[in-house]
Each structure stands twice: as C-alpha cells, then as structure tokens.
Amino acid sequence: MASPKTVWYLSVLLVFCSSLEKQDCLETPNVTSEESPTDGSQVPSGEKREVTATLIEKVGEVELDVYNIPLEDIHYLKFHVKSVTYPILISSVLIVTDINITTECSSDPSGFRCRCEDQYSWSCDQCSSDGSCGEIVDGKTCGCLNNYPSDGKFCQPITNLTACPSPTTTAEPSTTYGEILEIELDMTDISATLIDVLRASVSGLTYPVLISNVLSVTEVNFTTACYPNNTCRCEDQYGWSCDQCLSYGSCDNITDDSCGCIKAIPSYGPFCQPITNLMACTTPSPTPALPAEEKTENTLNLQFSMAITFDSNFNDENNAMFKDIDQTIKVIYKRNMRGFISAKLNRLKSGSVIADFTVITTIVDNVEIAKAKADIVSTLGEKYNIRFTCLNNTIFGSGQVNEIVVADCKLDEVGQKTAICQENGHFSVRENNCVLKEIENLFFLSQALVGTGLPVFLERLRNSTFNLLDRIVASPATISTIVNILKNVANVSRSTPINKPLMKNFLETAGVLTSKGAKASWDVLNTNLNKTESSAFLGTVETISNFLTDDFFDIETSRIILNKTTVNNSINNLFNLNSSVLIDIPASEASFNSITIITFDSLDNVLPARNSSSLNNSVNTINGKVVLVKVNGTVKNVTFRFDVLNKTQANHQCVFWNFNLFDGLGGWDDKGCELQSEKNDTVTCHCNHLTSFSILMSPSIPAVLRDALELITYIGVGISMGCLVVCLIIEMLVWNAVTGNNTSYMRHVSIVNIAVSLLIANIWFIIGAAISENEKKDLAACSTATFFIHFFYLALFFWMLVSGLLLLYRTVMVFSHMSKPAMLAISFSLGYGAPLIIAVITIAVTAPGKQYIRDNDGVCWLNWKDSNALLAFVIPALTIVVINLLILIVVLFKMLRRGVRDVTQPDERNVLVVIARCLAILTPFFGTTWGLGVGTMTTPNNRGIHIVFAIFNSLQGLFILVFGTLLDKKIREALTRRSQVSSNRKKTTSAATSSSGGLGFFRIRRRNVFNVSAAPTSSPTGAS
C-alpha cells in the first residue's frame, strides 16, 4: 500500500501534467514534406508521403500553494523530484523529460521572501525592480527577492541569464547642484546660553565648508525656534507662509504675506522660509471640477465642556467667544484630520458651558480625533477653563466627565471599543467589538467553505483557538464570531458527512468556548437580549451531530464527550456517560439502530438559567451536566439519572433547552419531563422526547416555602412599621414628662433612634424588594438600596449598644456626672458614625469587583457567596449582642450584691430598671433573630429556620413598641395624665360655652382659675 506522502507526490505530478495540457503541450502537428529519393529519380509530383511527427519541447511552470502542507512533506517532494527517472510517459503524445523545483516563496520574521533553488536565479531586471534581499552576483543575478515577482516569472537557470547592460557614458563637464536641507534639532535639555553660542558660531563660519570632494556647504542659517508652550517663532528675515499662519493660528499680527509666529509645532510641511520667497495669499480662481473618486462623508457630532458660567449671549454668532471657538475648531480639525471637509460650532449650551460642534470628514481615524481633542484643550484650555478628568489612558487617551470615547482595537484585532469617562477619573468600557484578526479571517474563509476544504479549515480553526485561548475567552465579540464560524461549518456538513477526525477538531474548538474562563464573556452576551449566541452555539452542535458518518466511534475531549454506538432492540439500553449521567431506553422504544450522545462538562458557563416562566430568571442555576441525545428514529420513553454538581442544594427540576422560547432567544423548559426521584446526590428524570437535557436548581429557599415566607415577611414588616410609627408618636407626646434627668433623657434618645433606624431600614427593604422583582434589575438602584439597608440595620444595633453603655455607666459610675451635650455627641458618633464607616468600607472594597450585592437570586442584599460582604453586618451585630449580654451580667451582679438603692441615685432607679429590662428582652431577641439568619446560610434547606427567621425578623418593631415603650411605667402614667387633662379641658370648654353673656368677666376669670388649679369637677348646671 502506498504511503500518504507518495500519494501526495503523485497528486502533485498529476497537477503538473494537467497544467501542461492547459499550456498546449499536447499540440503535436501532423507534418508533411517532400523527400527526394536517394537514387536521384524524381518522385511524381502528385505523390506525397506522410512522415513521422516532429517532437516539440515545451517548458511549463507550475505554482503550488503549500501553505497548509507540513515542512517535512515539502522536503520529501524535493528529494523525490530529484530522484525520479526520466522520461515519464503521461500519454501517447506527451512525456515529461525533466522536473525541477526552481522557486520557494515564504514568510519569515524578516518579511516575505522569494528564494531560488540551486542553479537558478533571478534576472538583473527583477533584482532591481522587486528589490534584492541578497547580493547581486556578477552584475546580473540575485538569489532572493523582497517581494512576489511583479512580472509573474520565476527563477531561471543561471546559464540563461545575461548581464545587465551598462549605460554608455560620455565625458561631460562636471555640474554643480544646489540643495537646501532643513535640519530639526531637539534642544529640550539645552540651555538658552548654549543655543545663543551655537547661533553665533554658525553665523561666524567662513563658507563654503568642504565636507568631501563632491560635497560642500555654502551657507547655514537658523530659521525657526519652537518653544514648550507650543509656539514657533521665525528668526530675522524669515517668516511663515500665509497658509501656515491661517492653518495653525498666528501669535502676532499677520502681514500681507506672512507672520512671524504660529501657535503650534508643524506636524508636516516646511519651517520658516526667507521672506523674499513668500508670496501673498491669493484667492484661487474657480476651475472646472475634475471627476474624482466618490468618497463617503462621515458626520461626527462632538462636544467639550468648559467650567464657566453660561450666558445666553454666547450663542450669538458675532460673539467674540463663539467666533474664537468656531475658528479654533476649524483650524485644529483641519490640521489633524486627513479627510477633513468642514467643521462648525453648532451651539453653546448650559451645564457648565458645553460646545456642540460637527466635523465632516471622509476618513474617521480615532487617533486623529484624540489628537485634535488634545489640541483643543491645549489651545483653549487656559482661556475657557477646559480640563480633562480622565487622563492619559493607554487605550482611550483623555476625556471629560460623561464623554463617550471611541478607540481602535489592538493591531492584531479589528473593531472598536467604546468607553465613558467617569467622575472618578477612570474610563468605563460600555462596548467592546474587538475581534482577533485571525478569527475574523477564518470567518471570511468559512463563508466560502466547501466540503473538500473542511479538513484543512477545521485543523486551522482548532489550532488557532488553542493558541489564542486566553484572549478568545476574554472577548465576547470573538466568541460570537467563532459561533458564526461553527454555524457555517455545520451548514457545510449538510452536504459533507462528518467523520471522526473532523468531529474531534470541531468539538475541541467548541470546548474552548465552554471553558470557565469564558463565563464572564457569555454573561455579557446573554445579558443582551438581542443576541442569541448561546442558543445558536448549542443548535450548531445539534445540527452537525445529525450528519455524522455511519462509523461508530467515541471522542473524548477535555470538556465534551461524544459517543455514537449501536442499539440492541431486544434488551433495555443503558448508557453510562463518564459515571455522571445514565440514560435508560426500554427495548420497546428502541425503534432505531444508532444513538449519538454528547455530554457537555461545563455548558453551564454558556447557557443562561432562564426558564419558561421568566425571561430574566437569575434565581435558578444549572446543577448537572448537559446531555444532547440524537437517534435515527423516535423515542417517547427515556430515563435520565444525573449526578448533581452542587450537593448542598436541592429542589431540582428536569428540563430541556427549548430553542423556540422567547421568540427564538431560547430557554429551559420542563414540558414532557418530570422529576421521578431525588436521593443520594442523584436526580432521576423521565421524558417523552429527546433533545438537550439537564437539571435546574432553585435558590436556597425551598420553592414550596417561598410564597409563604414572602407573605409572612410583608405582613410582618407592615405591622412592624405601624408599631414603630406609634412608638415615635408616643415618645413625642410624653417627651417633656419623661425626660426629667440626663439618664432618662438619653434612654429616650436611644429608643427614638432605634425606632427611626428600623423604620427607615424597613422602608428601604420594601424599595429593594420592588427593585428585585423587576425583570431587568437596576444594579445601581439595587446597590443603593443595599447600602441603606445595611447602614440603618447597623445603626439599630449600635443604638442598642448606646443603651447598654448608658446602663453600665450609670450603674458602675454612680457619682460621675457627664454633661448632656457630651453624652449626645458620644451617642450620635457611635450610633451613626460607626455604621457609616462600616457600610462605606464594605461597598468600597466589594463594589469595584461587582461582588457587593447578591447576583444568584436577584435579592438586593449583601453578597455572601463571592465576597462574604454579609459578614460586615453579621459580625458587628452579633458582637454588640454579646457585649450587651455581658453588660447585663455586670449590672445584675452589682444590683444583687448591693441593691438598686445603693448603686443609683433615687430619681434614676426606675429609668435604669427599664433600660435593664429592655436590654434583657430585646438583646436576646435581636441576637436570636440574626443568629437564625446565619442559620439560613449554613443550612439553607431547613424549612423551620426559614419560617422562624421570617417571623422574628418582621416583628422587631412590635417588640420595640411593647418592651421599649409601653412597659415603661412613667410613659403609661404620662399618657394617663395627658388623657385626663384633655378630658377636663373638654368639660370646662363645654361649661363655659353655656354661660350667659352678662357674666363674661367672671367666665374669663373662672377659665383662667381652672387652667391653673385644675379643679376636678364643675357644677352640673354650669355657671349657675
């Protein structure tokens, strides 16, 4: 059996022979001639004889594209071409007498090169016109060109090459040529004194200065000096042309034909010229327009901000500021943009002052736009207070707040990036359309792909994705392009059966897109509901699996496993896939003879967990491997057993990927599938159809409890808020009556702030719940709600700590008297200052990494899974609970040892007892509540903990009202007195109203006496 290399070599020969046929090598003419007999007799004139055909030699050139051929096969070809025995008979009229390899063109690190083989060379003309990359030998040949031959001729035998004709020269008298050179010197670090010395030395030279026997310098003059403030001034007797003065802006008075100073360093064009050579600007006379290539005009709507106070008069086109900005924009953008057509200031608007302007150009170059923007700030910045907030970003350059900047991608990428400048001085990327050029080239090739090109193409695609893996998985745009490439490959497979090598390359390429590193990019793609890349990716694999060859094979890559096997129609068929998925098809259902099963190890990185009930379902997660099953028949009874990935979770759902959900966007659906069992970390599903299957996992709260818990929470929060409002009203009514001393005053300050903190926290809780229920959660709003919930819940606990410290202070330090202002300052600093510091540090540390709020269940609360941000609440809260319990132990010990009368002042005994009782009840209550909260995180499937936590958490306001307010004896007495006073006032008013008009004076006196003495009763008959 012939080796593959030999077969390949013979194929090359056939190509060569086919080429010879196309070059008319088979044209062998029938030649007739008249011959004289050797005996000298004449042949009759009418007799002619056909003679043997004449051989015609033809040299044919064949060009072979060996781009995808291994180097060893090329060397193998060269060796065998040299060792072939000639001639080779091709047909009865065509033989090959010799084959030689003459030329090899390839790319290397130094560039593109075309080199000749031994005994072959390029002609002298080609060496000169295309550029030699080697020495020209004997004045006529070279062995290497810097380019592909422009005339299409390849290397020729060196024996056929002639020397280049030497040009004939005649002796002529030598001619002197004058040339003016401009030399630019960078003198940034040279002192002005040294420059003056150099200028004087140049002026004092004696000319001409002989440089060589053919070169002399006749004169040297300083013409131009440019300074760090971006101005360029001309030396004496030199000036700028009128065009340059108008283009760059003059910094002195323009004369008729020149100026001596411009406001920029020229990026191109001459420097200052002798004033005798300058001509006045003339208005060109109109000439008939010549037909030119049509170019697309691009309109750029741009703006910049000025930190000055807006005035409506600025928009007057005759306003000096308007004219100045308009002219500057025209000059700068004309100078910086190659395709510039026009520029115009449209208007100035408030906020501070924003200049809206339009630039029309045929060439949009982001680098040129950035350069022009920098020139605007350089030219007008000091005058109109224009400043960049984002400075010198390596990609986006500089920008002002809220300015949207477009930047080009890297050199080996195509596309653009868009970012916005933020107030913190950093750019935030809004859109990244950069695609690797290699992947973009493969996409264009895939659009014209045919079946015969699949092997080479899939091999190249696989190699490219592996070599560029890290950059591919980090680029959503590149992933999207590869999905389109795979889609084109799948379309080609409809007419070209896919064998095992082709499918392996396909799956290895697809596996790169399912890697863990690609999850963030897929999240970006799946967030955009106009993109269907994830669904298209799975659909592409399903499509190509329909067109596999009849061979039975197994393919196992690092992320995807494919099994294609036969089916036994007499027994049940069990397919155990990598010990993680088991498929059971009864014999009665096996109306087919082969089955293809593709198991994805990490497709949860690609497919979103949305299901048929909600488009933006961020609650569920994929908790099993995804399995794609294809048969050449139908199945209506199949059982799957999945090993769960996250063994700490439960509440699974059997689903398949429905490509038709959400108008073709796709999602998980449970139609036709049901959960049979869930035990021993294995989920068993029964389905009546085949496609791509997996299992979904709901969040920590069991589904059967979620609705009940929401009902308990909302009712409890409503009761809690109502109780807190009542508490605050009572405190307001009795404030003067119950705050007679410093201790009671601080005790009521604490209880009021505890109530206020919890009330505001509950309000933000409701706001956060409303944000979470939206289909598209606003992350900024959710983060804001989380911040305030965190802050005010912490404030609740820190004011509890204030109450505990007050109790300890008044019990232990009996004769110490701190002033009321000092106690208030300490209390508010601790009650609100400490929570604010903790809340700010938490968001500052976790928000930049997008780990501040929970993202797995849509709830606006501190993240636990990724950053453990929830500990910033749990640790301070439970620490305060422990401190207050210790304070209670110390206070109770002192009271029991010496009695309440000995450890307190007489007028403070009741207050301290109330504080101690309040802390003794509320501290364990709050501690138990948030201890249960920790329990819901550690044992999320415990239904009892969820129920008790929901009840305790939602009724905190009721407990504050009862134990912090209503059980205080002095508050009850104050309320009683207030109600009695109100009742007596009503009775007195009634009696006064019924008195006669003649006793007005006495009526007033009696009313005043009543107000002072508070007489308990009045006469039944009124003023009798």
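Residues numbered from 1 in each chain as written. Predicted model: local features only at pLDDT ≥ 70, side-chain atom pairs only at ≥ 80, totals over all residues. Heavy atoms only, no water.

### Notes on the sheet that holds strand β19 (residues 340-350)
Then, in step 1: Across the sheet, 3 strands lie side by side as β18-β20-β19; this open sheet has antiparallel pairing. Where the open sheet ends on each side, the last strands, each with one partner, are β18 (298-306) and β19. Ignoring strand direction, the axes of neighbouring strands in this sheet form an average angle of 20°.
Then, in step 2: In this sheet, strand β20 (residues 353-361) lies alongside β18 in antiparallel orientation, the contact comprising 9 bridges. Opposite F304, over in β20, you have A355 as the bridge partner.
Then, in step 3: Here helix α6 (residues 320-336) sits on the sheet in contact with β18, β19 and β20, set at roughly 145° to β19. (Pairing = 2+ DSSP bridges. Helix = DSSP H or I, 4+ residues; strand = E, 2+ residues; numbered from the N terminus. Axes fitted to C-alpha atoms, helices over the stretch in contact; angles between N-to-C directions. Contact = heavy atoms within 4.5 Å.)

### A few points about a nonpolar patch on the surface
Then, in step 1: On the surface, L181, I183, L185 and L198 cluster together into a nonpolar patch covering about 450 Å² of accessible area.
Then, in step 2: Relative to the helices and strands, I183 is located in the loop between β9 (156-157) and α4 (192-203). (Patch = residues over 30% accessible without salt bridge, like charges linked within 9 Å, V, L, I, M, F, W, Y side chains within 5 Å. Areas by Shrake-Rupley, 256 points an atom, 1.4 Å probe, with all protein chains shown as cover. Salt bridge = Lys/Arg side-chain N within 4 Å of Asp/Glu carboxyl O.)

### A word on the pattern of salt bridges
Then, in step 1: Tallying each qualifying case throughout the model produces 16 salt bridges.
Then, in step 2: Where D356 meets K349, a salt bridge forms, and the shortest distance between an N and an O atom there is 3.2 Å.
Then, in step 3: A salt bridge links E508 to R462, with the shortest nitrogen-to-oxygen separation between them at 2.7 Å. Of this pair, E508 sits in helix α12 (residues 500-513) while R462 sits in helix α9 (residues 454-467), placing them 46 residues apart in sequence.

### Notes on the sheet that holds strand β12 (residues 224-227)
Then, in step 1: Strand order in the open sheet formed by 3 strands is β12-β13-β16, with antiparallel pairing between adjacent strands. Unpaired on one side and paired on the other, β12 and β16 (261-262) mark the two borders of the sheet.
Then, in step 2: Relative to strand β13 (residues 231-234), β12 runs antiparallel, the two sharing 4 bridges. Bridge pairing in β13 links Y227 to T231.

### Here's the deal with unusual backbone geometry
Then, in step 1: In this structure, N385 takes a positive phi of about 55° despite not being glycine.
Then, in step 2: Despite not being glycine, N868 has its phi angle at roughly 55°, a positive value.
Then, in step 3: With respect to the secondary-structure elements, N868 resides in the loop between α19 (820-846) and α20 (871-898).

### Points about the environment of K625
Then, in step 1: Note that K625 resides in the loop between β33 (621-622) and β34 (626-631).
Then, in step 2: K625 sits 22 residues away from L603 along the chain, and the two C-alpha atoms are 7.3 Å apart.
Then, in step 3: Engagement of the side chain of K625 in a polar contact is seen with the side chain of D601, the distance being 3.1 Å. (Polar contact = N/O pair within 3.5 Å; in protein donor to acceptor, adjacent residues only side chain to side chain.)

### Details of the packing of helix α8 (residues 437-447) against helix α11 (residues 476-493)
Then, in step 1: Where α8 meets α11, the axes come as close as 9 Å, and the angle between the chain directions of the two elements is 20°. Taken together, the axes of α8 and α11 lie roughly parallel to each other. Helix-helix and strand crossings are classified by hand; for α8 and α11 the assignment is left-handed. In this structure, α8 contributes I439, E440, L442, F443, S446 and Q447 to the contact, and α11 contributes T478, T481, I482, N484, I485 and N488.
Then, in step 2: Split by residue class, the contact of α8 with α11 holds 5 nonpolar, 6 polar and 1 charged. (Parallel < 35°, antiparallel > 145°, perpendicular 65-115°, else oblique. Left-handed = near helix turned anticlockwise from the far one by under 90°. Nonpolar A, V, L, I, M, F, W, Y, C, P; charged D, E, K, R; others polar.)

### Re the side chain of N366
Then, in step 1: Checked against the element boundaries, N366 lands in helix α7 (residues 366-384).
Then, in step 2: Among the polar contacts listed, one links the side chain of N366 to the side chain of D408, at a separation of 2.6 Å.
Then, in step 3: In this structure, N366 is in contact with V406, A407, D408 and Q416, ignoring residues within four places of it in sequence.

### As for the environment of G339
Then, in step 1: Structurally, G339 can be placed in the loop between α6 and β19.
Then, in step 2: Residues G339 and I363 lie 24 residues apart in sequence; the distance between their C-alpha atoms is 4.7 Å.
Then, in step 3: Residues within four places of G339 in sequence aside, it is in contact with I360, T361, T362 and I363.

### A few points about the state of the cysteines
Then, in step 1: Taken as a whole and judged by the stated rule, the model has 11 disulfides.
Then, in step 2: Here C409 connects covalently by a disulfide to C434, the sulfurs 1.8 Å from one another. Torsion about the S-S bond of the C409 and C434 cystine: about -85°, corresponding to left-handed handedness. Linking C409 in the loop between β23 (404-408) and β24 (413-414) with C434 in the loop between β26 (427-432) and β27 (435-436), this pair joins segments that are 25 residues apart in sequence. Each member of the pair C409 and C434 is classed as buried.
Then, in step 3: Looking at C723, it has no disulfide partner, and the nearest cysteine sulfur is the one in C727, 9.2 Å off.
Then, in step 4: Taking the relative accessible area as the measure of exposure, C723 reaches 10% and is therefore buried.
Then, in step 5: The buried category is assigned to C727, whose relative accessible area is 0%. (Disulfide = S-S within 2.5 Å. Buried < 20%, exposed > 50% of the residue type's maximum accessible area, 1.4 Å probe, protein only.)

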